[in-house]
Amino acid sequence: MKASQLWNEYKKITPSIGEEFEAWAFGAEPDVLAQLVLDGTKTATASAFDLYQLDGESLPQRGTYDVILDSQDNAVCIIKITDVSICPFNEVSAEHAYKEGEGDRTLDYWRKVHEAFFKPYFEEVGLPFTKESKIVLEEFEVVYPKE
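Below is a summary of the structure that appears in this document. Quantities reported herein were computed from a predicted structural model and do not represent experimental measurements. (Residues numbered from 1 in each chain as written. Predicted model: local features only at pLDDT ≥ 70, side-chain atom pairs only at ≥ 80, totals over all residues. Heavy atoms only, no water.)

### Describing unusual backbone geometry
The omega angle of the peptide bond from Tyr144 to Pro145 is -5°, so this bond is cis rather than trans. Residue placement: Pro145 occurs in the segment after β5 (134-144). Backbone geometry places Asp73, a non-glycine residue, at a positive phi of 65°. By the secondary structure assignment, Asp73 is in the loop between β3 (65-69) and β4 (75-88). Owing to a relative accessible area of 54%, Asp73 belongs among the exposed residues under this scheme. (Helix = DSSP H or I, 4+ residues; strand = E, 2+ residues; numbered from the N terminus. Buried < 20%, exposed > 50% of the residue type's maximum accessible area, 1.4 Å probe, protein only.)

Pasting the structure below:
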């Protein structure tokens, strides 16, 4: 199903959401991570603040909705952003790592895989990735489809 189709289905039961939405897939293992979202295991994600700045993109906002896609650009679900914060990489909490739902859900695992994920993107744009690099932390809930 296309993102617009899923959005229109949800709009029938929640007309107040409006017309505009973002649709995206997780950068690493989109199918696995989308399934973790559907299962309720993954309720948070992280992205690099500096890359939003370079691309001139707006930061995620609490109360907005996104369509999560799989690796084939099929719509998987709609999430609502419930919290957004920014902190240095080395200050991301164990609680946030757990909410991301990946691997063994520990902070050590989170740091290892996210440093490996972020570094190439920083290098690509000529920026150093450090332990103090700002990270955008999002928390969300699945609003459609609900089990």
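Now, onward.
### With respect to the pattern of salt bridges
Any two side chains of opposite charge can pair if their charged atoms end up close together. Within this structure, the stated rule accounts for 8 salt bridges. The salt bridge involving Arg62 is made with Asp83; its shortest N-O contact spans 2.9 Å. Remark: Asp83 occurs in strand β4 and Arg62 occurs in the loop between α3 (49-55) and β3; sequence separation between them is 21 residues. The partner of Glu139 in a salt bridge is Lys99, with the nearest N and O atoms 3.0 Å apart. With Glu139 in strand β5 and Lys99 in helix α4 (residues 94-100), the pair connects residues that are 40 residues apart, well separated along the chain. Judged by relative accessible area, Glu139 falls into the partly exposed class, the value being 22%. Each member of the salt-bridge network shares a partner with another, and the members are Lys42, Glu100 and Glu102. (Salt bridge = Lys/Arg side-chain N within 4 Å of Asp/Glu carboxyl O.)

### Notes on the packing of aromatic side chains
Here a ring pair, both rings aromatic, is described through the centre-centre distance and the interplanar angle of the planes. This structure, assessed with the given rule, holds 11 aromatic pairs. Summarising the aromatic geometry, the rings of Tyr10 and Tyr144 are spaced 5.4 Å apart at their centres and angled 40° between planes, so their arrangement reads as tilted. Placement of Tyr10 in helix α1 (residues 3-13) and of Tyr144 in strand β5 is noted, with a sequence separation of 134 residues between them. Taken individually, Tyr10 and Tyr144 each receive the classification buried, so the pair is uniform in this respect. With 5.1 Å between their ring centres and 80° between their planes, Phe122 and Phe129 make a pair best called edge-to-face. In this structure, Phe122 and Phe129 share a single accessibility class: buried. An aromatic cluster is built from Phe89, Trp110, Phe117, Phe118, Tyr121, Phe122 and Phe129, whose rings are joined through pairwise contacts. Over the ring of Tyr98 we find Arg105, and its NZ or CZ is 3.7 Å from the ring centre. (Phe/Tyr/Trp six-rings, centres within 6.5 Å; stacked < 30°, edge-to-face > 60°. Lys NZ or Arg CZ within 6 Å of the ring centre and 35° of its normal.)

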